[in-house]
Amino acid sequence: MDRRGIRSIRRVTVSFLIRDEEERLNRSGVNALQIDAKSSRLYTAGRDSVVRCWDICKYGLEEDPYIHSMEHHTDWVNDIVLCKDGRTMMSASSDTTLKMWDAQRGICLSTLRTHKDYVKVLAYARDVDKVVSGGLDRQIYLWDIATLTNLTATNNTITTSSLVGQKSSIYSLAANPNGSLVISGSTEKTLRVWDPRKLAKITKLKGHSDNIRAIVIKDDGSECLSASSDGTVRLWSIGQQRCIDTFRMHSSGVWTLAVDEDFTKFYSAGRDGCLFVTDIQSQESTLLCCEETSILNLCLNPTDDYHSIWVATSNTHVNKWVSHTNYFFLNIGYISCSLLSWPQWTPQVTMMMMLMKKKKRHHYTAIQWTAYLEVTASSHSQC
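Residues numbered from 1 in each chain as written. Predicted model: local features only at pLDDT ≥ 70, side-chain atom pairs only at ≥ 80, totals over all residues. Heavy atoms only, no water.

## Thoughts on the sheet that holds strand 11 (residues 140–144)
No. 1: The four strands are arranged 9-10-11-12 in an open sheet whose pairing can be described as antiparallel. Single-partner strands in this sheet number two, and they are strand 9 (119–125) and strand 12 (161–163). For this sheet, the mean angle separating the axes of adjacent strands, direction not counted, is 25°.
No. 2: Alignment of strand 9 against strand 10 (residues 130–135), held across six bridges, turns out to be antiparallel. By the bridge assignment for strand 10, Ala 125 is matched with Lys 130. (Pairing = 2+ DSSP bridges. Helix = DSSP H or I, 4+ residues; strand = E, 2+ residues; numbered from the N terminus. Axes fitted to C-alpha atoms, helices over the stretch in contact; angles between N-to-C directions.)

Take a look at the structure:
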């Protein structure tokens, strides 16, 4: 009540989202992608807190590619990794938790509440079946997947190891297959190299001038690539502890990286919406495509003869781009449909573009469109 004895009323506005019983479409940007090549499944995770599973064999066909959703998180899902040959999955979220899932059935197996702030990134050491997690609490934790998948109501004790010494929020992590090397990137603008077996820091790699957003390591642990918000991708020699080369093909921050199996070329994308492929030895970069919005993540399909690349954007779309030699194909299908509509089936459009290259270091030309457009379905829908 105020001084005059009149009761004051405070207006409170409450906003909430009424969701469908089953969330089949992305409602916001997609932060993470994973492909299980054996079962032909694509997993997407994003800012609507939901992890979704899709059948990529039905992509662009009359059949619905959606399989199931995993909806236990309460905030952005920032990263996911498939473990144990695609049978299980770990997800990292801004709700500060990690979750273990039965990926095939979409069932949550356990929730880990060790982190104290947003969990931003995961890395998987496939040969030893261990996952590394990091986030804004500056902590790096090591998780044994076999232990986590064997938890029961009576055997529910979780133990973990941590790498101590990170001074800034962690936005990127990478681990080599045998788990002998972990590299972290942060707002400190420095890569820290760790030996997780001894829980010790090996060295620091300095050179970037902004936050480090993505890291990939060569399988033998001799080299790594890092992408930064400073717009560059750097190649590092871990043994020599120095930067070997710097690639400047992007006009703004680089947020995601992927490499081929031989570590001979890498794909990079980010804030400018451009996807480049770069040959590491010749240092020649080629512009493959440009999305309408920023690219948040990308994932290669290693079993696809046409080297397909799945690209996640900030506007709910997940697009499949297929590269083969000097040609590039764009397929528009179910997963890239608008949130507002879900047609019974979606037209598949194939465009062919000739890529023109320059034999000049760190330079590229824009895509030259050819007069070829094939529409393989004639149904109209709002995509």
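## What to know about the pairing of strand 21 (residues 254–259)
In regular strands, side chains alternate between the two faces of the sheet.
No. 1: Summarising burial for strand 21: five of the six residues are buried, a large majority.
No. 2: Looking at chain direction, strand 21 and strand 22 (residues 265–270) are connected through five bridges and run antiparallel. Bridge pairing in strand 22 places Val 254 opposite Gly 270.
No. 3: Here strand 21 hands over to strand 22 after five residues, with Phe 263 in that stretch at a positive phi of 55°. (Buried < 20%, exposed > 50% of the residue type's maximum accessible area, 1.4 Å probe, protein only.)

## As for the packing of aromatic side chains
No. 1: Considering all chains together, one arrives at three aromatic pairs under this definition.
No. 2: Taking 5.2 Å as the distance between ring centres and 70° as the angle between the ring planes, the aromatic pair formed by Phe 247 and Phe 266 counts as edge-to-face. Highlighted residues: Phe 247 in strand 20 (residues 242–247) and Phe 266 in strand 22, separated in sequence by 19 residues. Assigned by exposure class, Phe 247 and Phe 266 land together as buried. (Phe/Tyr/Trp six-rings, centres within 6.5 Å; stacked < 30°, edge-to-face > 60°.)

## Observations concerning unusual backbone geometry
Where the residue is not glycine, phi is negative for most of them; where a peptide bond is considered, it is trans in most cases.
No. 1: The phi torsion at Gln 241 lies on the positive side, around 55°, for a residue other than glycine.
No. 2: By the secondary structure assignment, Gln 241 is in the loop between strand 19 (233–237) and strand 20.
No. 3: Using a relative accessible area of 43% as the deciding quantity, one classes Gln 241 as partly exposed.
No. 4: Notably, Gln 283 is not glycine yet its phi reads approximately 65°, a positive angle.
No. 5: Residue position: Gln 283 is located in the loop between strand 23 (274–279) and strand 24 (285–290).

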